[in-house]
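# Architecture at a glance
For reference, the chains in residue letters:
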Amino acid sequence: MEPLLERPPEEGARRLALRHLDQAATAFPRLRDPSDAEALHDFRVALRRLRSCLKAYGDQLDDDLPKKLRRRLKKLADATGPGRDTEVQIEWLRGRSRHLGSHHRPGLAWLLARLEERMRQAVEEMADHIPQEFPRLEEELRRRLSTYTAEVHLNAAARPTLAEATASILRDQAEELRAGLDLVEGPADEERAHEARISAKRLRYLLEPFAEELPEAASAVKHMKGLQETLGELHDAHVLERELADSLEAAAVERARRLLEISLSGVPDEALLRAERRRVREPGVLALAKLNRARRDRLFDDLEIDWLGGQSEAFFQEVEALSFRLEGSLSPGTGERAGEREDGNN
């Protein structure tokens, strides 16, 4: 079978998109299994990869994928977000228990109960939306991606390839990531770090399908995984910091309302009042906020050491060389690498 990179761009882009759609379709029935802890993650990642592919190869696909269909796909992908984000927060917070004193644990228990209730609601919302929408969306995407109309110029010197189209996209996305990293100023710069994270994710998703076909892509993907993990966890720390601030306020308000309720209940129960005054959650939430802030700062230090201030230049040179390799690596219509026909030993 002809290598994917040697296929016409319109065909190759559709085959890539269908691969990601297949992965989502495989993960979809697993969502019904409550014991499958990775089902939601796999389904969400497959949708992200599909959306990234459709965006990257927009010039090759736009005529067949109307904006309304893309919006439906985005809405479906967004529906999986809150549940996964809350799941990540719960996992990290549970791992902090051993770092807390006994007087902090009531705050942790209260916060986990609050997030677990949110997780339950998110799962219910997904259960209402995803089973109804995904099968219809999958059917329409398959229908539109499985066929296309192309012009064939018989007198053309060489037909364009997916490799050439990918090389151009690769340069644009690498430059976007480079510019994004240059704008990140400090550990509190959530918005720019998040934008750099999205750029890193798109670049990795662009290259990952070719890691086996092109060894140079595998090397770049390996570097991208490290960057994406750092930026991803930094994003988690930023999101959790906002959650902890909101939770601290909610804990104080909840306790104040409970004390007021007991105090105005006719004949106040003094024992109940004393118990409620001792049931303080705020110190535990504050302790968790400090641990999370330390995590945020440590992650930014890692990012700064490995990627900021010119530290990523070698990586971007590697990506640039890869883009030129993509443009010149394939001999159209032969299935051979450039130069293989001249060298009888290959």
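Our subject is the structure listed above.
Reading guide: rules and limits
- Residues numbered from 1 in each chain as written.
- Predicted model: local features only at pLDDT ≥ 70, side-chain atom pairs only at ≥ 80, totals over all residues.
- Heavy atoms only, no water.
- Helix = DSSP H or I, 4+ residues; strand = E, 2+ residues; numbered from the N terminus.
- Buried < 20%, exposed > 50% of the residue type's maximum accessible area, 1.4 Å probe, protein only.
- Contact = heavy atoms within 4.5 Å.
- Areas by Shrake-Rupley, 256 points an atom, 1.4 Å probe, with all protein chains shown as cover.
- Salt bridge = Lys/Arg side-chain N within 4 Å of Asp/Glu carboxyl O.
- Phe/Tyr/Trp six-rings, centres within 6.5 Å; stacked < 30°, edge-to-face > 60°.
- Core = buried A, V, L, I, M, F, W, Y, C linked by side-chain atoms within 4.5 Å.
- Expected span 1.5 Å × (residues − 1).
- Bend = angle between axes of the 7 residues up to and from the residue.

### A word on the overall build of the protein chain
Secondary structure summary: the protein chain contains twelve helices and two strands in total. Listed N to C, the secondary structure of the protein chain is α-α-α-α-α-α-α-α-α-α-α-α-β-β in terms of helices and strands. Across the 346 residues of the protein chain, 42% fall into the buried class. Of the contacts formed within the protein chain by residues at least 6 apart in sequence, a portion of 77% connects residues at least 24 apart. Total accessible area on the protein chain is roughly 18900 Å²; 49% of this is exposed by carbon and sulfur atoms.

### Some thoughts on the pattern of salt bridges
Enumeration over the complete set of coordinates arrives at 31 salt bridges. Between Asp189 and Arg192 there is a salt bridge, and its shortest N-O distance comes to 3.5 Å. Residue Asp189 is classed as buried on the basis of its relative accessible area, which comes to 14%. Residue classification places Arg192 among the partly exposed positions, given a relative accessible area of 32%. What you see here is one network of salt bridges that share partners, running through Arg72, Glu133, Arg136, Glu140 and Arg144.

### Topic: the packing of aromatic side chains
This structure, assessed with the given rule, holds five aromatic pairs. Arranged with centres 4.9 Å apart and planes meeting at 40 degrees, the rings of Phe28 and Phe134 form a pair that is tilted. Of this pair, Phe28 sits in the loop between helix H1 (9-27) and helix H2 (39-56) while Phe134 sits in helix H6 (residues 105-145), placing them 106 residues apart in sequence. Side by side, Phe28 and Phe134 carry an identical accessibility label, which is buried. By relative accessible area, which is 2% here, Phe134 ends up buried. Through a chain of ring-to-ring contacts, the aromatic side chains of Phe28, Phe43 and Phe134 assemble into a single cluster.

### Topic: the nonpolar core
Counting 65 residues, the largest nonpolar core has Phe43, Tyr57, Phe134, Leu177, Leu303 and Phe315 as the members making the most contacts within it. Those residues within four positions of Leu303 in sequence are excluded, and the remaining contacts are Leu181, Val184, Leu227, Thr230, Leu231, Leu234 and Leu308. Counting residues in each nonpolar core, the second largest holds 16 residues, with Ile90, Leu100, Trp110 and Leu112 among its members.

### Quick look at H6
If you check H6, its first and last C-alpha atoms are just 53 Å apart, much less than what 41 residues at 1.5 Å a residue would give, namely 60 Å. Its axis deflected by about 35 degrees at Ile130, H6 carries its strongest bend there, up to four residues before the proline Pro131.

### Some remarks on helix H5 (residues 81-94)
For H5, which comprises 14 residues, the first-to-last C-alpha distance of 20 Å matches the rise-based estimate of 20 Å (1.5 Å per residue) to within 8%. Listed in full, the buried residues belonging to H5 are Gly81, Gly83, Arg84, Thr86, Gln89, Ile90, Trp92 and Leu93. Against H2, helix H4 (67-79), H6, helix H9 (215-263) and helix H11 (282-306) lie the buried residues of H5.

### Let's talk about the environment of Arg178
Position of Arg178 among the secondary structure elements: in helix H7 (residues 162-183). Looking at Arg178, the relative accessible area reads 24%, which means it is partly exposed.

Fair warning: the whole summary comes from geometry, so function is off the table for now.
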